[in-house]
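Residue-level structure breakdown
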Amino acid sequence: MDERIAQHLDRAAATASAHAAVPGRDRQDAVARVGSAHHAEALGLTVSKVYEPTGLFDRRYEPSMSVVLRGRKRSIVGDDDQVWGRERFIITPVDLPVVAGVVDAAGEDGFVAVVWRLDPAVVGEVVASMTVPAGAAIAAAVASGSSASGAVSSLPRLGSWTAPLADAFARLVGLLDAPEDIPVLFPLVSREIVLRLLQTEQAPRITAALDGTGPSVVAGATALLTGRMAEGWSMERLARELRVSESTLFARFKEATGMTPAQYLKRTRLGEARRRMVVHGDTAARAAAAVGFRSASHFSRDYREAYGRPPAADAVVVRGQLAVAVAV
């Protein structure tokens, strides 16, 4: 890693670690973190820290930038399974179900991660304000579904840091130490981060959700599949509800999420069934039926493939791991 990038990320890690919520710590520590949590929310940040590896947990990520500042984590999106650390970052352009867990807690320093919520309105403003050549290049990449390295869907899911991006991100996290400056500096640094992201190979992924019919198609599809997951969905029906062609829906959905609509629906159903068993104590049969599985054997097979254990046995294990689930 470039020395300048490393220095910026070290700075961000130190600040984030000092403000992170740590599961299982005493009540006094939790009370002391209330102010930090309030300031982090104002910045669109979720800061977390754990001192030991975790299990794999289901998470729903809003449009965001995910950064590991210490340690390493495993993230599974559809068929894409990656272990990564601070040398990379992940852009999530739309609401996305992710299975993730900490695999390296970085010893006594602890695993530290930050998720920054992307504001589509800010992204749109920055894209619109860029110079004509840069803006035209981005629009062309999005419209054609390509970039210098190929199609949007074939872009690496892990982004590469640049020194200006790492510096801007460190200054964003640094505002946790200067909450009085947030009202003035946050609008500026947030736009700078978006600009720096648009200057990386991840630009097409960020702008894909802003392109023409892109937001309504992809966001509309994820809303339908999430809000009405128990219904029987086919590509034909989903495209008809959204009033687009099946080919347009498939292409835009795969570009933005890295999954097909069918894969997205299955992952969403499995995650919700798991939540019902762990949190509400539902039986596997009841959870499966509630989320739309018509066959108990089909549900058990898909569940075991996703989580490595039968539904009932997995629910018991996950209940014991919930104390550290906040970190992933």
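Scroll up to find the structure.
Structure report, in brief. (Residues numbered from 1 in each chain as written. Predicted model: local features only at pLDDT ≥ 70, side-chain atom pairs only at ≥ 80, totals over all residues. Heavy atoms only, no water.)

Description of the overall build of the protein
Formally: Numbering goes from the N terminus for both helices and strands, where a helix is a DSSP run of H or I of at least four residues and a strand is a run of E of at least two. Only protein chains enter the accessibility calculation, which uses a 1.4 Å probe. A residue is then buried if its area is under 20% of the maximum for its type, exposed if over 50%, and partly exposed in between. Contacts are residue-level and defined by heavy atoms, with any inter-residue pair within 4.5 Å sufficient. Surface accessibility in these figures is a Shrake-Rupley result with a 1.4 Å probe; residues are shielded only by whichever protein chains are displayed.
Helix and strand counts for the protein stand at 15 helices and 11 strands. When burial is assessed residue by residue, the protein has 48% of its 328 residues classed as buried. Across the protein, contacts joining residues at least 24 apart in sequence account for 76% of those joining residues at least 6 apart. Accessible surface, the protein: about 14,800 Å² in total, of which carbon and sulfur atoms supply 55%.

Notes on the packing of helix α12 (residues 261-280) against helix α13 (residues 284-291)
As a reminder of what qualifies: Every axis in this analysis is a line fitted to C-alpha atoms, fitted for helices over the stretch in contact. Angles between the N-to-C directions lie between 0 and 180 degrees. Note on angle classes: values under 35 degrees are labelled roughly parallel, values over 145 roughly antiparallel, values of 65 to 115 roughly perpendicular, and the remainder oblique. Left-handed describes a crossing whose near helix is turned anticlockwise from the far helix through less than a right angle; right-handed describes the clockwise counterpart.
Relative to each other, α12 and α13 sit at 140°, their axes nearing to 9 Å. Comparing their axes, α13 and α12 come out oblique. The crossing of α12 and α13 is right-handed. Only Ala284, Ala287, Ala290 and Val291 of α13 make contact with α12, whose side of the interface consists of Arg269, Glu272, Ala273, Arg276 and Met277.

Structural notes on the sheet that holds strand β7 (residues 96-104)
Under the convention used in this document: The rule for pairing is simple: two strands pair if DSSP sees at least two bridges between them.
Strand order across the open sheet formed by 4 strands is β2-β7-β4-β5, with antiparallel pairing between neighbours. Two strands lie at the open edges of the sheet, namely β2 (57-61) and β5 (80-84), each paired on one side alone. Each neighbouring strand pair of the sheet contributes to a mean axis angle of 30°, computed without reference to strand direction. Summarising the sheet, strand β4 (residues 72-77) and β7 pair through 5 bridges and their orientation is antiparallel. Looking at β7, one finds that Ser75 is bridged to Ala100.

Looking at the sheet that holds strand β8 (residues 111-117)
On the basis of which strands lie adjacent, the open sheet formed by 5 strands has the order β1-β8-β3-β6-β11 and antiparallel pairing. Since the sheet does not close on itself, it has two edges, and those belong to β1 (45-50) and β11 (158-160), each with one partner. Neighbouring strand axes in the sheet, compared pairwise and without regard to direction, differ in orientation by 25° on average. In this sheet, β11 lies alongside strand β6 (residues 88-92) in antiparallel orientation, the contact comprising 3 bridges. Bridge pairing in β11 places Phe89 opposite Gly159. The sheet contacts of helix α1 (residues 3-19) involve β1, β3 (64-70) and β8, and relative to β3 the element is tilted by about 90°.

Description of the environment of Arg60
Along the chain, Arg60 turns up in strand β2. Placed 38 residues apart in sequence, Arg60 and Val98 show a C-alpha to C-alpha distance of 6.1 Å. Apart from residues no more than four positions distant in its own chain, Arg60 is found in contact with Asp95, Leu96, Pro97, Thr226, Tyr264 and Thr268.

Quick notes on the packing of aromatic side chains
This is how it is decided: Working definition: rings of Phe, Tyr and Trp (its six-membered ring) pair if their centres are within 6.5 Å, and the pair is stacked with planes under 30 degrees apart, edge-to-face with planes over 60 apart, and tilted otherwise. Placement of a charge over a ring requires the Lys NZ or Arg CZ to be within 6 Å of the ring centre, with the centre-to-atom vector within 35 degrees of the ring normal.
All told, the structure shown has 6 aromatic pairs when counted by the stated rule. The interplanar angle of 85° and the centroid separation of 5.3 Å between the aromatic rings of Phe253 and Tyr264 together place this pair among those described as edge-to-face. Of the two residues, Phe253 is situated in helix α11 (residues 246-257) and Tyr264 in helix α12; the sequence distance between them amounts to 11 residues. In this structure, Phe253 and Tyr264 share a single accessibility class: buried. An aromatic cluster is present here, built from Phe293, Phe299, Tyr303 and Tyr307 joined pairwise through their rings. Positioned above the aromatic ring of Trp233, the side-chain terminus of Arg237 is 4.0 Å from the ring centre.

With respect to unusual backbone geometry
Here the phi dihedral of Ala106 falls at roughly 60°; this positive angle occurs in a residue that is not glycine. Mapped onto the elements, Ala106 comes out in the loop between β7 and β8. You can call Ala106 partly exposed: its relative accessible area is 24%. Look at Arg243: it is not a glycine, yet its phi comes out positive at around 60°. Within the secondary structure layout, Arg243 lies in the loop between α10 (235-242) and α11.

Some words on the packing of α12 against helix α15 (residues 311-319)
Any two packed helices are characterised by the angle at which their axes cross and by the distance between the axes. Under the convention used in this document: Ten residues, namely Ala, Val, Leu, Ile, Met, Phe, Trp, Tyr, Cys and Pro, are considered nonpolar, four, namely Asp, Glu, Lys and Arg, are considered charged, and the remaining ones, Gly among them, are considered polar.
As a packed pair, α12 and α15 sit with axes 9 Å apart at the nearest point and diverge in direction by 60°. It follows that α12 is oblique to α15 by the angle criterion. The interaxial crossing formed by α12 with α15 has right-handed handedness. Within the contact between the two elements, α12 uses Arg274, Met277 and Val278 and α15 uses Pro311, Asp314, Ala315, Val318 and Arg319. Considered class by class, the residues forming the contact of α12 with α15 number 5 nonpolar, no polar and 3 charged.

Regarding the environment of Ala40
In this fold, Ala40 is placed in helix α3 (residues 34-42). For Ala40 and Val114, which are 74 residues apart along the polypeptide, the C-alpha to C-alpha distance reads 10.0 Å. The contacts of Ala40, once residues within four sequence positions are left out, are Leu45 and Leu176.

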